[in-house]
There are 2 protein chains.
Amino acid sequence: MYDGIVQELIDELGRLPGIGPKSAQRIAFHILQTPTFDVSRLSELLREVRERVSFCEICGNVSESEICSICRDPRRNAELICVVEDAKDVAAIERTREFRGRYHVLGGAISPIAGIGPDDLRIQQLMTRLADGTVQEVILATNPNLEGEATAAYLSRLLTTLDIAVSRLASGLPVGGDLEYADEVTLGRAFEGRRRL
Amino acid sequence: MYDGIVQELIDELGRLPGIGPKSAQRIAFHILQTPTFDVSRLSELLREVRERVSFCEICGNVSESEICSICRDPRRNAELICVVEDAKDVAAIERTREFRGRYHVLGGAISPIAGIGPDDLRIQQLMTRLADGTVQEVILATNPNLEGEATAAYLSRLLTTLDIAVSRLASGLPVGGDLEYADEVTLGRAFEGRRRL
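The shown structure was predicted, so the numbers you read here are calculated from the model rather than taken from an experiment.

Conventions adopted
- Residues numbered from 1 in each chain as written.
- Chains lettered and ligands numbered in written order.
- Predicted model: local features only at pLDDT ≥ 70, side-chain atom pairs only at ≥ 80, totals over all residues.
- Heavy atoms only, no water.
- Helix = DSSP H or I, 4+ residues; strand = E, 2+ residues; numbered from the N terminus.
- Polar contact = N/O pair within 3.5 Å; in protein donor to acceptor, adjacent residues only side chain to side chain.
- Contact = heavy atoms within 4.5 Å.
- Buried area = accessible area lost by both parts, 1.4 Å probe.
- Salt bridge = Lys/Arg side-chain N within 4 Å of Asp/Glu carboxyl O.
- Expected span 1.5 Å × (residues − 1).
- Buried < 20%, exposed > 50% of the residue type's maximum accessible area, 1.4 Å probe, protein only.
- Pairing = 2+ DSSP bridges.
- Axes fitted to C-alpha atoms, helices over the stretch in contact; angles between N-to-C directions.
- 1 Å grid on protein atoms, 1.4 Å probe; cavity = no way out; pocket = protein on both sides within 12 Å on 5 of 7 lines; lining within 4 Å.
- Points joined across faces, edges and corners; volume = space filled by probe spheres on them.
- Nonpolar A, V, L, I, M, F, W, Y, C, P; charged D, E, K, R; others polar.
- Least-squares fit on C-alpha atoms with pLDDT ≥ 70 in both.
- Parallel < 35°, antiparallel > 145°, perpendicular 65-115°, else oblique.

Enquirer: Any chance you could break down the side chain of Thr142 of chain A for me, citing the residues and the numbers?
Expert: Residue and element names in this part refer to chain A. Mapped onto the elements, Thr142 comes out in the loop between β5 (137–140) and α7 (146–159). Within polar-contact distance, the side chain of Thr142 engages the backbone oxygen of Gly148 at 2.8 Å. The contact partners of Thr142, leaving out residues within four places of it in the chain, are Val83, Glu85, Leu106, Gly148, Thr151, Ala152 and Arg168.

Enquirer: Can you explain the interface of chain B and chain A? Please cite residues and give values.
Expert: The interface is formed by 54 residues belonging to chain B together with 54 residues belonging to chain A. The contact between chain B and chain A buries some 5,500 Å² in all, and 66% of this surface belongs to carbon and sulfur atoms. The tally of links between chain B and chain A comes to two salt bridges. One salt bridge connects Glu8 of chain B with Arg41 of chain A, and the closest N-O pair in it is separated by 2.1 Å. Sorting the residues of the side of chain B that touches chain A by element identifies α1 (4–13), α2 (21–33), α3 (39–52), β2 (62–63) and α5 (87–96) of chain B as the ones contributing at least two each. The element best represented in the side of chain B that touches chain A is α3 of chain B, accounting for 13 residues.

Enquirer: How would you explain α2 of chain B if you had to name every residue and give the values?
Expert: Helix length check: α2 of chain B, at 13 residues, gives a terminal C-alpha distance of 18 Å against a target of 18 Å (1.5 Å per residue), a fit within 8%. Among the residues of α2 of chain B, those classed as buried are Ala24, Gln25, Ile27, Ala28, Phe29, Ile31 and Leu32 of chain B.

Enquirer: I'd like a description of the sheet that holds β5 of chain A, backed by residues and values.
Expert: Residues and elements named next belong to chain A. Reading across the sheet, the four strands line up as β4-β3-β5-β6 and stay open at both edges, with parallel pairing between neighbours. The outermost strands of the open sheet, each flanked by one partner alone, are β4 (102–105) and β6 (165–168). Shown here is a sheet whose adjacent strand axes are inclined to one another by a mean of 25°, direction ignored. Alignment of β5 against β6, held across four bridges, turns out to be parallel. By the bridge assignment, Val138 is partnered in β6 with Val166.

Enquirer: Give me the lowdown on empty space enclosed by the protein, citing residues and values where you can.
Expert: As enumerated under the stated definition, the model contains one cavity of 30 Å³ or more in all. Its volume calculated, the largest cavity comes out at about 50 Å³. Lining the largest cavity, in full, are Leu13, Leu16, Ile31, Leu42 and Leu46 of chain A together with Leu13, Leu16, Ile31, Leu42 and Leu46 of chain B. Contributing elements (two or more residues each) for the lining of the largest cavity: α3 (39–52) of chain A together with α3 of chain B. Among the residues making up the lining of the largest cavity, the classes are represented as 10 nonpolar, no polar and no charged.

Enquirer: So what about the sheet that holds strand β3 (residues 80–84) of chain B? Which residues, and what values?
Expert: All names here are of chain B. Overall, parallel pairing links the four strands, which are arranged β4-β3-β5-β6 in an open sheet. The open sheet has two edge strands with one neighbour each: β4 (102–105) and β6 (165–168). In this sheet, adjacent strand axes meet at a mean angle of 25° when their direction is disregarded. Sheet topology places β3 next to strand β5 (residues 137–140); four bridges connect them, and they run parallel.

Enquirer: Help me get a handle on the relation of the copies chain B and chain A, residues and values and all.
Expert: Note on the identical chains: chain B maps onto chain A by a rotation of 180° and an axial translation of 0.0 Å, with an RMSD of 0.1 Å. The superposition operator between the copies reduces to a two-fold rotation axis. Identified as the residue of chain B closest to the rotation axis by C-alpha distance is Ser43 of chain B, at 2.2 Å. Taken as a fraction of all interface residues of chain B, those also at the interface in chain A reach 100%, which identifies the copy contact as same-surface.

Enquirer: If you had to explain the packing of helix α2 (residues 21–33) of chain A against α5 of chain B to someone new, which residues and values would you point to?
Expert: The N-to-C vectors of α2 of chain A and α5 of chain B enclose an angle of 140°; their axes lie 10 Å apart at closest approach. Here α5 of chain B runs oblique to α2 of chain A, going by the angle between their axes. Between α2 of chain A, through Lys22, Gln25 and Phe29 of chain A, and α5 of chain B, the contact on the second element is made entirely by Ala87, Lys88 and Arg95 of chain B. The class makeup of the residues in the contact of α2 of chain A with α5 of chain B is two nonpolar, one polar and three charged.

So, in structure tokens, the structure goes:
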């Protein structure tokens, strides 16, 4: 629709997740029409990120070095490992500032439909980490959905053979949410997990 | 939240229109985790678009050359000019394949609130184009909103001094839409502009 290269940029932007043709067009024109927008910085960052960033050899989190800043930090509790599906989950948990242990990123969840089995996840690496007896507790923080629950159940079974405490993040009503609008499953979980005051 | 450069990319992506912090994070991780995504192509296009693409000296549309492909095309009717606010509108009209004339991109609409007056738009350039008497009709295709209507009214008054037909795109019910869900203003316009069958 547009002269060559503008259309090419729109097409390429449209391949990014969550960006449809309309958004891609809007972004392309923003880049074209905003002299203050530093396009060379974005262009450079895209290239650099791919070149310089990879994944931590220990926990699988994104990292600019072989070992990520969390695994390198001696103030983080090495006896506590929080198992998550994705590096994005690490960032979400870090934002809470509640957790001072370390992480293990699985790289997904068990999903027979998507053809993802235990061997496709970083489970073997987790078992290796647990082998030396340092870790006292594993918190299973996979998503509270079908795949995440299946993965947590699988790991929990696997870990019974070791002398390590295994826990699962609490399910319940979201804080600030409205009971009226909670779905039945969440409300059910909230009852199940009720705490004596 | 993330190691340096990843967060920098997320921040930079978040400055694009319509991309919030969550989408920016999702895009950054997509770029990191998808080996098949050709990051160098996007990186290159961003730079090239800004270097190579500018605006047509005649109509103000985006163009890789001084004169855009539409203004250069001898098959396009030079007697008919469609005035639009933005280059994106040119693309939208071209998609209809209904219009075979040429365009004039104003670069916005008159908006006292945003501090945009007639002098901030490419109105002088339009008058210069109309001066040689080639153009027989000007179609005002500014948006059917407050600013667009004000701009059309302003131009229509300005053009009465010239011997040129001036028209405005029809307002009315969108095709495929439902009368029940039309807003009052649109429905009123549809009555006003009703055609005898």
